[in-house]
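Coordinate inspection notes
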Amino acid sequence: MRSDVTKRERPSIPHGTLAERVRAGDAEAFSELFLTFGEPLRRFAFRYVWSSDLADDVVQDVFSRIWHARERIDLRVGLRAYLFRATRNLALDVLDHEAVRERWASESSRLADQIDSCTDTEIPDDGSRDIALLGIIDATLDRMPERRQLVCRLRWKDGVSLTEIARRLKLSIKTIETQITRGRRDLRAALSETEYRD
């Protein structure tokens, strides 16, 4: 018969006390938080992303965000619920991002196959407009100012939400919307200069 002492070697610290210490910048408390919740959160994230590597990334991101925002996050109330909710939300974001990336890769692959299958004298009607449009989009993105290019690539190619772009770049949503509006204007101008028509 196993003793309960062997199940957990370190003493249990009440979640409220642990959260208060993390909020105060106590690195040892943060390590304890990770040791207590890291593996359960990784298993939880795995149920969403079905990849050990992605689950590890999700959990690392959750804890990184907690550490960087520790002074603004009230971890005393519902610490466990907060951690699992944050893990679920990030896992869903990863799934969304992976789905967009797979769609883009699939579309790029399909268009590349069409190009490879053409001879110099024949261009297929099926998809040739897609190839032209992708080329125009890429060229337009390359000519944009750095910030606008980054915002538009994240939105158009990676499918990242406006809120997430604002969070990643530490910009306001209004700034992100302005950059995307200007990017659309740049793209419309580039399309009007070419033979591409809807």
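Scroll up for the structure.
Quick caveat: nothing in here was measured; it's all calculated off a predicted structure. (Residues numbered from 1 in each chain as written. Predicted model: local features only at pLDDT ≥ 70, side-chain atom pairs only at ≥ 80, totals over all residues. Heavy atoms only, no water.)

Quick look at a positive patch on the surface now. Taken together, the side chains of R155, R182, R184, R185 and R188 define a basic patch exposed on the protein surface. With 4 residues, helix α9 (residues 173-192) is the single largest residue contributor to the positive patch. One can find R185 in helix α9. By relative accessible area, which is 45% here, R185 ends up partly exposed. (Patch = residues over 30% accessible without salt bridge, like charges linked within 9 Å, V, L, I, M, F, W, Y side chains within 5 Å. Areas by Shrake-Rupley, 256 points an atom, 1.4 Å probe, with all protein chains shown as cover. Salt bridge = Lys/Arg side-chain N within 4 Å of Asp/Glu carboxyl O. Lys, Arg positive; Asp, Glu negative; His and termini not counted. Charge placed at Lys NZ, Arg CZ, Asp CG, Glu CD. Helix = DSSP H or I, 4+ residues; strand = E, 2+ residues; numbered from the N terminus. Buried < 20%, exposed > 50% of the residue type's maximum accessible area, 1.4 Å probe, protein only.)

Once that is clear, we can look at the side chain of R70. On the secondary structure map, R70 appears in the loop between α4 (52-68) and α5 (79-117). The buried charged residue R70 lacks any salt bridge, with E71 as its nearest oppositely charged partner at 4.8 Å. Excluding residues within four positions of it along the chain, R70 makes contact with V22, R23 and G25. (Contact = heavy atoms within 4.5 Å.)

Now for the packing of aromatic side chains. Here the structure, examined in full by the defined rule, presents 6 aromatic pairs. Site record: aromatic cluster; members linked through ring pairs are F30, F34, F63 and W67. The ring of W67 carries R70 above its face, with NZ or CZ at 3.9 Å from the centroid. (Phe/Tyr/Trp six-rings, centres within 6.5 Å; stacked < 30°, edge-to-face > 60°. Lys NZ or Arg CZ within 6 Å of the ring centre and 35° of its normal.)

Before going further, it helps to spend a moment on the pattern of salt bridges. The tally for this structure, following the rule as stated, stands at 10 salt bridges. Of the charged contacts, one joins R42 and E39 as a salt bridge, the two residues approaching to 2.9 Å between their closest N and O atoms. With a gap of 3 residues between them, R42 and E39 both fall in helix α3 (residues 27-49), about one helical turn apart. In this structure, E39 engages R43 in a salt bridge whose closest nitrogen and oxygen atoms are separated by 3.7 Å.

What follows concerns the nonpolar core. Ranked by internal contacts, the top residues of the largest apolar core, which has 23 residues, are L33, F37, L41, V62, F63 and L83. Of all the elements in the fold, those that place two or more residues in this core are α2 (15-23), α3, α4 and α5. It is α3 that provides the largest number of residues to this core, a total of 8 residues. L41 has contacts with V59, F63, L83, F84 and T87, leaving out every residue within four places of it along the chain. Within the second largest apolar cluster, 8 residues are counted, among which are I137, M144, A190 and L191. (Core = buried A, V, L, I, M, F, W, Y, C linked by side-chain atoms within 4.5 Å.)

So, on to the side chain of Q179. With respect to the secondary-structure elements, Q179 resides in helix α9. You can call Q179 buried: its relative accessible area is 10%. With near-sequence residues (within four places) excluded, Q179 lies in contact with R147, R148, V151 and C152.

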